[in-house]
Protein chains: 2
Amino acid sequence: MAVLYDRVALIGLGLIAGSMSLAMRAGGLAGETVGYARSPETRAAARQIGLVDRVAESAAEAVAGADLVVLAVPVGVMGAVAAEIAPHLKPGATVTDVGSVKQAVIEAVAPHIPAGVHFVPGHPLAGTEHSGPHSGFAALFRNRWWLLTPPEGTDPEATARLAALIRAMGANVEDMDAAHHDLVLAVTSHTPHLIAYTMVGVADHLKRVTESEVIKYSAAGFRDFTRIAASDPTMWRDVFLQNKEAVLDILGRFTEELFMLQRAIRMGDGAQLHDYFTRTRAIRRGIIEAGQDTSAPDFGRMPAGAATGQD
Amino acid sequence: MAVLYDRVALIGLGLIAGSMSLAMRAGGLAGETVGYARSPETRAAARQIGLVDRVAESAAEAVAGADLVVLAVPVGVMGAVAAEIAPHLKPGATVTDVGSVKQAVIEAVAPHIPAGVHFVPGHPLAGTEHSGPHSGFAALFRNRWWLLTPPEGTDPEATARLAALIRAMGANVEDMDAAHHDLVLAVTSHTPHLIAYTMVGVADHLKRVTESEVIKYSAAGFRDFTRIAASDPTMWRDVFLQNKEAVLDILGRFTEELFMLQRAIRMGDGAQLHDYFTRTRAIRRGIIEAGQDTSAPDFGRMPAGAATGQD
Ligand SMILES: NC(=O)c1ccc[n+]([C@@H]2O[C@H](COP(=O)([O-])OP(=O)(O)OC[C@H]3O[C@@H](n4cnc5c(N)ncnc54)[C@H](OP(=O)(O)O)[C@@H]3O)[C@@H](O)[C@H]2O)c1
Ligand SMILES: NC(=O)c1ccc[n+]([C@@H]2O[C@H](COP(=O)([O-])OP(=O)(O)OC[C@H]3O[C@@H](n4cnc5c(N)ncnc54)[C@H](OP(=O)(O)O)[C@@H]3O)[C@@H](O)[C@H]2O)c1
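What you see is a predicted model; the values in this text were computed from it and never measured. (Residues numbered from 1 in each chain as written. Chains lettered and ligands numbered in written order. Predicted model: local features only at pLDDT ≥ 70, side-chain atom pairs only at ≥ 80, totals over all residues. Heavy atoms only, no water.)

A. Representation of the relation of the copies chain B and chain A within the structure. Its rotation angle being 180 degrees, the transformation that places chain B on chain A also includes 0.0 Å of axial translation and leaves an RMSD of 0.0 Å. This pairing of chains is accounted for by a two-fold axis. By residue overlap, the copies meet face to face through one surface: 100% of the interface positions of chain B are interface positions in chain A. (Least-squares fit on C-alpha atoms with pLDDT ≥ 70 in both. Contact = heavy atoms within 4.5 Å.)

Spelled out as structure tokens, the structure:
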């Protein structure tokens, strides 16, 4: 494939930046990739495994001469990083971010972007529970959505070029309003993560009652929750603080609904429970039809080696 | 392997019974398997695919002459099924069940078991989100736990023979007190399922706001929840009603904990969130070390065909 940007700077060298670098390399999409991360340890690790073509010793050095700058750091530090790199951005360059929250990032980053530089905020809906410089892989974005939330007045050419890069990495691009993005993601990702963290926390407190049995006998349901709750604490702290309003809104709805089901259990109202559980099945069907998951039973739950099939 | 029971009767022909039948057949563990399910449709389906050696037209017919009778129906009907089969049980036979709740099932079933018949309650910690006569597969129990909760005074030989069958189907057997079982499962399975159902229900209500976007962009977290929440409504209604006390206890702890985190988000207390999320990671590590899941990133999230690896 053709080179889409002569030089791409990645600020942050974790799961998302690493996967982008590997995907761009696999597709020959960037003339050169330059990366920077805060800690010497991460920079050394990235250098050792050749995660990017060149590891810079400062964010300023990384963005110098870059045609595309990707902010791939926790959403809480996007503003500070933008302030740090702003004076060093090449005129005509595009800055994008991959943060899981969009309104707060736009508010934090946009004021720092100099005239003549394009800011096209984005969010790849792709990830695993792993993080850090060793966690990336080129196929992460394949067949996944990548939402762009360009504010009004964003240069359409800059957006189109970024979209071409994203498509070349295997993802599907869609535009969305930033506020709407934050609400949809509060439902589909942020609140479920908080709930999973909470349930795993409850199990942790019960350890004295249940000894190690909660771990030993962890069944479907809880096991999925622990995977979700193994995600990076810094990333998720920032997501909840930066998408506070939408998360609190959805949490309010969630507890109302939970109390209704709790009451049905207490009252022995089986019909209400059955109705509710029947309705939620339809959503699952929709997701499978939308191609966002498979209908294969969760063979993945089996320990490696025992599986007779794959997801 | 050697035949462990000359005739095994399966009451219910869904995921668990079907998987048991296929596992017993694969291992040559039963002389004959006989099955019965409530609806003519299920019996016809089971007959058509040869799920058991013989499909009976009544529960009484199915258990006649059987050395092992397996109650594989929703926990809410275990008592009624036990009453129905009781007069037809062969002296010296063993009755077991596979219900996800143990105290309520023992209370409902034990009074019907005639003298000279052994009742050994059990629960395989294995399942998928699918149900019905087409959902079973022989490897379901491989490397999974199967808890037995025999009340005091249960014949040790009957328990040992059942344990041998279970091991021959690939599972690991452990004994547990029934009340303790119900608490551990409320934490690891029942409450997580209720929470997943609730979150998916919230998304369903928001459909008007988010159109089909919640489905289209369903991300990690929510997607896992929808799989859990696609499980059989009847089975789960019964589980919550029959394990009411333990589920309400855990739900109470869960909402307390959730309110604490909700408050931390509202107050902007990032340190508290970060601490909490760091602690929950350790539990995940424990589960991987206990061999109940793999540390491979969740490649299963990718649509079939795009995956570069398997779980
Ligand atoms: N993980 C997902 O599932 C996912 C999915 C979509 C979007 N996102 C978003 O993608 C972004 C990155 O997430 P990730 O999963 O790639 O995280 P990650 O693996 O934890 O990597 C984060 C990177 O940011 C660096 N960093 C942190 N603070 C920095 C600073 N002040 N200056 C420079 N570098 C800094 C870290 O460096 P050190 O290693 O030196 O600390 C690390 O290299 C986040 O905004 C997240 O919301 C994540
Ligand atoms: N699924 C899991 O993940 C899992 C895991 C461990 C334990 N369990 C337990 O295993 C048991 C069975 O679950 P499953 O997943 O195998 O359910 P399933 O696939 O829905 O099958 C249930 C079977 O029970 C039959 N049935 C229902 N009421 C009956 C009655 N009154 N008389 C005779 N047959 C009746 C059904 O017949 P029709 O098809 O004719 O309705 C069906 O064949 C439940 O107690 C559940 O708690 C389930």
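B. Spotlight on the packing of helix α7 (residues 178-205) of chain B against helix α12 (residues 244-267) of chain B. All names here are of chain B. The contact between α7 and α12 brings their axes to 9 Å, and the two run at 65 degrees. Where α7 crosses over α12, the handedness of that crossing is right-handed. For the pair α7 and α12, contact is made by D182, L183, A186, V187, H190, T191, L194 and I195 and by A246, V247, D249, I250, L251 and F254, respectively. Considering only residue class, the contact of α7 with α12 consists of ten nonpolar, two polar and two charged. (Axes fitted to C-alpha atoms, helices over the stretch in contact; angles between N-to-C directions. Helix = DSSP H or I, 4+ residues; strand = E, 2+ residues; numbered from the N terminus. Left-handed = near helix turned anticlockwise from the far one by under 90°. Nonpolar A, V, L, I, M, F, W, Y, C, P; charged D, E, K, R; others polar.)

C. Representation of the site of ligand 1. All names here are of chain A. Close to ligand 1 lie 29 residues, the nearest being R38, S39, T42, V73 and S100. A distance of 2.4 Å separates an oxygen atom of ligand 1 from a polar side-chain atom of R38. Residue V73 places a main-chain N or O atom 2.6 Å away from an oxygen atom belonging to ligand 1. Burial of ligand 1 by the surrounding chains reaches 88%, relative to a free accessible area of 900 Å². Contributions of two or more residues to the shell around ligand 1 are made by α1 (15-27), α4 (78-85) and β6 (118-124). Of the residues that constitute the shell around ligand 1, the class distribution is 16 nonpolar, eleven polar and two charged. (Near = heavy atom within 4 Å. Polar contact = N/O pair within 3.5 Å; in protein donor to acceptor, adjacent residues only side chain to side chain. Areas by Shrake-Rupley, 256 points an atom, 1.4 Å probe, with all protein chains shown as cover.)

D. Broad picture of the interface of chain B and chain A. Between chain B and chain A, the contact holds 116 residues from the first and 116 residues from the second. Each partner contributes to the roughly 11,000 Å² buried at the junction of chain B and chain A, and carbon and sulfur atoms together form 69% of this total. Counting the contacts that link chain B with chain A gives five salt bridges. For D224 of chain A, the salt bridge is made with R227 of chain B, and the minimal N-O distance between the two is 3.3 Å. Along the contact surface separating chain B from chain A lie 26 residue pairs in polar contact (both at pLDDT 80 or more). Of all elements in the fold, only β7 (145-148), α7, α8 (207-210), α9 (213-216), α10 (222-228), α11 (233-242), α12 and α13 (270-289) of chain B reach the threshold of two or more residues within the side of chain B that touches chain A. When residues of the side of chain B that touches chain A are assigned to their parent elements, the largest contribution, 20 residues, is made by α7 of chain B. (Buried area = accessible area lost by both parts, 1.4 Å probe. Salt bridge = Lys/Arg side-chain N within 4 Å of Asp/Glu carboxyl O.)

E. Quick peek at the site of ligand 2. Residues and elements named next belong to chain B. Taken together, 29 residues surround ligand 2, and among them R38, S39, T42, V73 and S100 come closest. Here L15 contributes a backbone N or O atom positioned 2.9 Å from an oxygen atom of ligand 2. At 2.6 Å from an oxygen atom of ligand 2 is found a side-chain nitrogen or oxygen belonging to S39. Here ligand 2 has 900 Å² of accessible area as a free molecule, and 88% of this is covered by the chains. Elements that contribute at least two residues to the shell around ligand 2 include exactly α1 (15-27), α4 (78-85) and β6 (118-124). Here the shell around ligand 2 is built from residues that sort into 16 nonpolar, eleven polar and two charged.

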